[in-house]
Amino acid sequence: MTAPTTLWKGVYPAATTQFAADDSIDLDATQRMQTALVDDGVDGLILLGTCGENNSLTADEKRTVLSGAVEALKGRAPLVAGVSEFTTAAAIDYVRDAEKIGVDALMVLPAMVYVPRPEELAAHFRAVAEATSLPIMLYNNPPAYRTTIDFDTLASLEDVSNIVAVKESAPDTRRITDVINRFGDRYTVMAGLDDIALEGLMLGASGWVSGLTSAFPRESVRLVAAADAGNWEEAREIYRWFMPLLHLDAEHDLVQSIKLAEAIMGRGSERVRMPRMPLTGERRAEVTRMVEQCRATQPSLRETERV
């Protein structure tokens with residue numbers, strides 16, 4: 001089994017989950033935000049990733065968010081569900097439900113909290129993959145999850161036909177070239193860390209799983225279109241303009257920062273669930289200044305046609 005070539009291409013924002021004032025999920029606002037991103041030209045959505053606050057939601061709430069997205073988007077863009085569970089059994093139950101709900105693919109993380117041995121990591125991914133027919137992108141993010149999906153692990157999973165892609169969020173861009181050199185086209189690679197996204201695209205990543213796209217989607221789409229077209233001058237111009245905000249994606253408070261950016265841009269609320277709390281004081285002022293500077297200096301957007 002191989003995923004459609006269009007599934008892992010372009011810009012996939014890691015969409016946020018919107019909350020009401022009483023801390024419940026605001027499904028209408030979440031659906032409006034998802035629809036607005038697709039209206040602005042993104043190629044697909046990551047649901048319930050880090051920015052979707054996956055591990056702050058109950059099992060029922062996760063299913064509600066997935067069902068709401070399927071209902072709202074009606075097949076207009078691929079929907080990729082984040083799989084971020086504490087146990088393999090819970091992940092298996094979740095992916096079976098996600099497939100029934102109608103999402104198009106999965107982004108599978110290592111099991112949360114426990115730091116696995118390589119053979120445990122591989123066994124977790126294999127068991128989850130065997131529970132579904134959906135195509136799977138593995139998520140490698142050593143700084144966040146304290147484990148690396150090393151090359152031996154990827155090699156041991158080559159026979160699992162529906163594990164087809166890797167979201168690469170290691171801060172060392174050499175990893176992308178090493179994966180491609182080692183495995184060729186066996187695994188599609190997507191850039192997964194905002195402030196090395198252009199480098200990832202230059203090195204062969206097929207697309208970008210992005211955080212700050214939720215606040216500035218059109219610029220993100222144009223950046224990837226320029227890179228795809230080999231228009232590196234335009235791509236660098238947009239990237240340099242965007243970089244102060246893109247650095248936020250590598251910080252521990254990325255979710256609060258991205259939600260604040262969404263709120264400033266009129267695209268959502270900055271409400272988060274505890275243990276996260278909205279930014280305050282100098283940090284909030286700093287991020288606000290950065291977003292407002294980007295808003296005031298947005299590059300004039302050309303037509304998104306590929307040259």
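Bear in mind that the values here come from a model prediction, so they are computed numbers and not experimental data.

(A) Examining the nonpolar core more closely. In this structure, Trp 8, Leu 106, Leu 138, Ile 163 and Leu 245 are the most contacted members of the largest nonpolar core, which totals 99 residues. Top contributing element to this core by residue count: helix H10 (residues 232–246), with eight residues. Excluding residues within four positions of it along the chain, Leu 138 makes contact with Val 108, Phe 125, Ile 149, Leu 154, Leu 157, Ile 163, Ala 165, Val 166 and Lys 167.

(B) Here's a closer look at the pairing of strand E4 (residues 105–108). Judged by which residues are buried, E4 turns out to be covered on both faces: Ala 105 and Met 107 on one side and Leu 106 and Val 108 on the other are all buried. Judged from the four bridges that link them, strand E3 (residues 79–83) and E4 form a sheet pairing that is parallel. Bridged to Ala 81 within E4 is Leu 106. Crossover handedness for the path E3 to helix H3 (residues 88–101) to E4: right-handed. As paired strands, E4 and strand E5 (residues 136–140) are joined by three bridges and run parallel to one another. Bridge pairing links Met 107 to Met 137 in E5. Tracing the backbone out of E4, into helix H4 (residues 118–130) and back to the parallel element E5 gives a crossover that is right-handed.

(C) Structural detail: the packing of aromatic side chains. Counting across every chain of the model gives six aromatic pairs. Pairing Phe 216 with Phe 242 gives two aromatic rings, centres 5.9 Å apart and planes at 80°, and the pair type is edge-to-face. Highlighted residues: Phe 216 in the loop between strand E8 (207–210) and helix H9 (217–228) and Phe 242 in helix H10, separated in sequence by 26 residues. For the pair shown, Phe 216 and Phe 242 are each scored as buried. We note Lys 167 situated over the ring of Tyr 139; from NZ or CZ to the ring centre the distance is 3.8 Å.

(D) Seen up close, the pattern of salt bridges. Scanning the entire structure with this criterion turns up 17 salt bridges. With a shortest N-O distance of 2.8 Å, Arg 117 and Glu 119 are connected by a salt bridge. On the basis of relative accessibility, which here comes to 46%, the residue Arg 117 falls in the partly exposed class. By relative accessible area, Glu 119 is classed as partly exposed at 48%.

(E) Examining the sheet that holds E3 more closely. With respect to topology, eight strands assemble into an open sheet ordered E1-E8-E7-E6-E5-E4-E3-E2, the strand pairing being parallel. One side of each edge strand has no neighbouring strand; the edge strands of this open sheet are strand E1 (10–13) and strand E2 (45–47). Strand-to-strand twist across the sheet, computed as the mean angle between neighbouring axes with direction ignored, equals 30°. Note that E2 and E3 share three bridges and pair parallel. Counted as the bridge partner of Leu 47 is Ala 81 from E3. Docked against the sheet, H3 engages E3 and E4, running at close to 165° with respect to E3.

(F) Structural context of the pairing of strand E6 (residues 163–168). Counted residue by residue, E6 has six buried out of six residues, so it is predominantly covered. As paired elements, E5 and E6 share five bridges and run parallel to each other. From the neighbouring strand, Leu 138 faces E6, where its bridge partner is Val 166. Tracing the backbone out of E6, into helix H7 (residues 174–183) and back to the parallel element strand E7 (residues 188–191) gives a crossover that is right-handed.

(G) A look at the UniProt feature "binding site: pyruvate" (unreviewed entry) in the protein chain. The UniProt record annotates "binding site: pyruvate" (unreviewed entry) at Val 209. Relative to the helices and strands, Val 209 is located in strand E8. Since its relative accessible area comes to 1%, Val 209 is described here as buried.

(H) Focus on the environment of Asp 249. Of note, Asp 249 is situated in the loop between H10 and helix H11 (254–264). With 154 residues separating them along the chain, Asp 249 and Val 95 place their C-alpha atoms 26 Å apart. Setting aside residues up to four positions removed in sequence, Asp 249 forms contacts with Gly 192, Leu 193, Asp 194, Gly 211, Leu 212, Leu 254 and Ile 258. Separated by 3.0 Å, the side chain of Asp 249 and the backbone nitrogen of Asp 194 make a polar contact.

(I) Local environment of H9. In a regular helix each residue adds 1.5 Å, so 12 residues correspond to 16 Å; H9 covers 17 Å between its end C-alpha atoms and thus fits that length. The complete set of buried residues in H9 reads Pro 217, Glu 219, Ser 220, Val 221, Arg 222, Leu 223, Val 224, Ala 225, Ala 226 and Ala 227. Along its buried surface, H9 packs onto E1, helix H1 (27–39), helix H8 (197–202), E8 and H10. Among the residues trailing H9, Gly 230 stands out with phi positive, at a value near 75°.

Conventions and cut-offs
Residues numbered from 1 in each chain as written. Predicted model: local features only at pLDDT ≥ 70, side-chain atom pairs only at ≥ 80, totals over all residues. Heavy atoms only, no water. Core = buried A, V, L, I, M, F, W, Y, C linked by side-chain atoms within 4.5 Å. Buried < 20%, exposed > 50% of the residue type's maximum accessible area, 1.4 Å probe, protein only. Helix = DSSP H or I, 4+ residues; strand = E, 2+ residues; numbered from the N terminus. Contact = heavy atoms within 4.5 Å. Pairing = 2+ DSSP bridges. Right-handed = clockwise from strand over helix to strand, strands pointing away. Phe/Tyr/Trp six-rings, centres within 6.5 Å; stacked < 30°, edge-to-face > 60°. Lys NZ or Arg CZ within 6 Å of the ring centre and 35° of its normal. Salt bridge = Lys/Arg side-chain N within 4 Å of Asp/Glu carboxyl O. Axes fitted to C-alpha atoms, helices over the stretch in contact; angles between N-to-C directions. UniProt positions renumbered as here; feature names shortened; annotations may be inferred. Polar contact = N/O pair within 3.5 Å; in protein donor to acceptor, adjacent residues only side chain to side chain. Expected span 1.5 Å × (residues − 1).

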